[in-house]
Amino acid sequence: MEAKELLDSLDVGVLAMAPDWTIAEWSAAAARITALPADRVLGRSIWIAFPAAKGTELERVLGEVLADGKPRTFLAPAGAPEVAGTVLETRVTRGPGDHLTLAFRPVHEELAPESRAAQLLSALEAERRLYLQLFNSLPTPALVLTPDGQILDANPEGAKLLGGADAAALRGRGLAEWAPASQQGMLAAALRHAVTRRQDVSLSFEFAGEPAREVRAVIVNVDPVRAAPKLVFLALDVSREILLQQRLLQADRLSQLGALVSGVAHELNNPLAAIAAFGEALALDPHQADLEESAEVIRSEAMRAGRIVQTLLDFARQRPRMQTAVDLGEIAERVLALQRSALKKARIRTTVSVPNDVPAVAGDPQELQQVMLNAVVNARQAIESTGRPGQIAIAGRSTDHHVLVTVDDTGPGVPPEILDRVFEPFFSTKAEHGTGLGLAISFGLVRGMGGRMWMQNIEGGGARLSFELPVDAGSPDAAGRAAGRPAARRLSLLVVEDEEAVRRAMALLAKRLGHEVTTVGRFAEATARLAQPGARYDALLVDVHLDEAHTGFDLFDHLRIEGQGLEQRIVFTTGDSISTQTRDALERADRPVLRKPFSLDELREMLERVAAG
């Protein structure tokens, strides 16, 4: 019979320990008694088999036998959770090359119940069971370590923190395996110092396929009287807390950015309004036909710049949800205008295909802009990850009382195993570069507007984000809008605007529509003009901000107190963000608002509404 077969035929467990304290042989009986198969222990530290014995009687006896070669026998609990309640009688002998042989067998049941040894062992085992119950029931991750960072035991939460299936898979491994290289020195120092003094540390734990986990931990020595102390590592996973702090900081920065944008919006939109108006007037002048193309470029670029400012203001402004008719094609163009620079840098071409017969949807313009922006940013980042040029295609089409919007990209697509998780909050495949909130927020916004959203991969490569929204029942027919036509009837207008260039531009557009226009620049001039005998105006275009002492709302209140009804002919104009105070004043006045810069068609439509009222 071969030596291995003879070893496996014995009733006692047998292991051979090499001089470096790793397990060189492991018999079949040893596997049966400890519930540890050979492939889990061979070549690994002896403490993988006896995790609770480091620093105890077993370690002392092993050291003594190595030193003097005299065999020794002792009783001790098995120590592994898999065989809780088992007491082993162990015989240790030294062989050639300083190899130790341990022969062990369970003896607890063989002791007479009334014997003093049995009573002591029972009491010891009861204490051990209590410790295990407390250790394993801790709601926070806990590890038992040696001062050099070797894991002796882990509770279920500790195993989960390190991505292990169970505690047994972690025993004998070094905690530094999960720490980044930049933190391993700090961890080693903290473990050494913890032998004599409690340590508080902050670490990042990393393992394949998962985002890094930020951990705050306390390390204490729970066995200070022994030469080989045991350290308890109590951890708190603060990854979500830190993420939320980062989001709060980001929100604060966005708030500051919003305040900055709001502050400069008036300075941008007023000159843009003048540029757009003069450009449009020049393009329509029959005597300047050779300049028509240049004038149209001036007008269109000024309007585009105005849309970008308005987009920034929409994100900066805090306001309640609204439900109105929204043109998805316009939303898509505004978002692409915001992302134009980033898309160009990433060598990404974009297309928007929303036919004119696609009706408006019922939703919140700001929220839909956020949904579209999240979709475009995700698509851009997906293409950037390939390192190649790509394309983003936005398309819209009518379905049964709904409008379906798709955003396609030529990126790598979404791994099939996570396709169902992309809308989960805080789930991200971008590591520290992602928040895991963009698609989750979009999903919630679309559902809040009565729609639905889903993600799928495109055959041949790339991903498609789709969302469907209900059609707005009262949306006007876009095909019925006539561009460039004169006003239905001639109106008498009073323009009250503090900036001369904008005042002249508004007058120019109104005269182009065939209206009679009077302009003033200050509150006092407006009240004086309105008080003149025979003064009659069909509509008043009044800037929200007039001069240092007055606003457009002061003029509204002045006319309301006079009681002649002229306040009901006011159209407010503004190039600024609408603050809470301004919004409340507009709601009280219940008058329409014309945002700068605006086009000739927008001015015509607004004046027709006022004249019809």
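Residues numbered from 1 in each chain as written. Predicted model: local features only at pLDDT ≥ 70, side-chain atom pairs only at ≥ 80, totals over all residues. Heavy atoms only, no water.

Q: What's the story with the nonpolar core in this structure? I'm lost.
A: Taken as a class, soluble globular proteins show a tendency for nonpolar side chains to be buried jointly. In this structure, Met372, Ile392, Ile394, Met455 and Phe467 are the most contacted members of the largest nonpolar core, which totals 39 residues. When contributions to this core are tallied by element, the ones reaching two or more residues are α9 (328–338), α11 (365–384), β14 (390–399), β15 (402–409), α12 (438–448), β16 (452–457) and β17 (463–470). Look past the residues within four positions of Met372 in its chain and what remains in contact with it is Leu328, Ile331, Ala332, Val335, Ile394, Val405, Val407 and Phe467. Grouped together as the second largest cluster of nonpolar side chains are 28 residues, Ala30, Trp47, Ile48 and Leu88 included. (Core = buried A, V, L, I, M, F, W, Y, C linked by side-chain atoms within 4.5 Å. Buried < 20%, exposed > 50% of the residue type's maximum accessible area, 1.4 Å probe, protein only. Helix = DSSP H or I, 4+ residues; strand = E, 2+ residues; numbered from the N terminus. Contact = heavy atoms within 4.5 Å.)

Q: What should I look at first to understand the confidence of the model for the chain in this one?
A: Low-pLDDT stretches of the model should not have their predicted coordinates read in fine detail. For the chain, the average pLDDT comes to 80, and 76% of its residues sit at 70 or higher. Between residues 431–435, whose pLDDT stays under 50, and residues either more than four places distant or in other chains, the model counts five contacts. Note on residues 476–484: pLDDT under 50 across the span, and seven contacts to partners over four residues away in sequence or across chains. (pLDDT = per-residue confidence, 0-100.)

Q: Help me out: how do you make sense of the environment of Arg595 in this one?
A: Its location among the elements puts Arg595 in strand β22 (residues 593–595). Residue classification places Arg595 among the partly exposed positions, given a relative accessible area of 31%. For the pair formed by Arg595 and Thr574, sequence separation is 21 residues and the distance between their alpha carbons is 5.3 Å.

Q: Whenever I open this one, the sheet that holds β16 confuses me. Can you help?
A: Within a sheet, adjacent strands bond to each other through the backbone by hydrogen bonds, running parallel or antiparallel. Strand order in the open sheet formed by five strands is β12-β14-β15-β17-β16, with mixed pairing between adjacent strands. With one partner strand each, in any of the chains shown, β12 (348–353) and β16 form the two edges of the open sheet. For this sheet, the mean inter-axis angle between neighbouring strands, taken without regard to orientation, is 15°. Judged from the six bridges that link them, β16 and β17 form a sheet pairing that is antiparallel. Paired with Met453 across the bridge in β17 is Phe467. Packed on one face of the sheet, α9 meets β12, β14 and β15 and runs near 165° to β12. Strand contacts of α11: β12, β14, β15, β16 and β17, with the helix running at about 145° to β14, the strand carrying the most contacts. (Pairing = 2+ DSSP bridges. Axes fitted to C-alpha atoms, helices over the stretch in contact; angles between N-to-C directions.)

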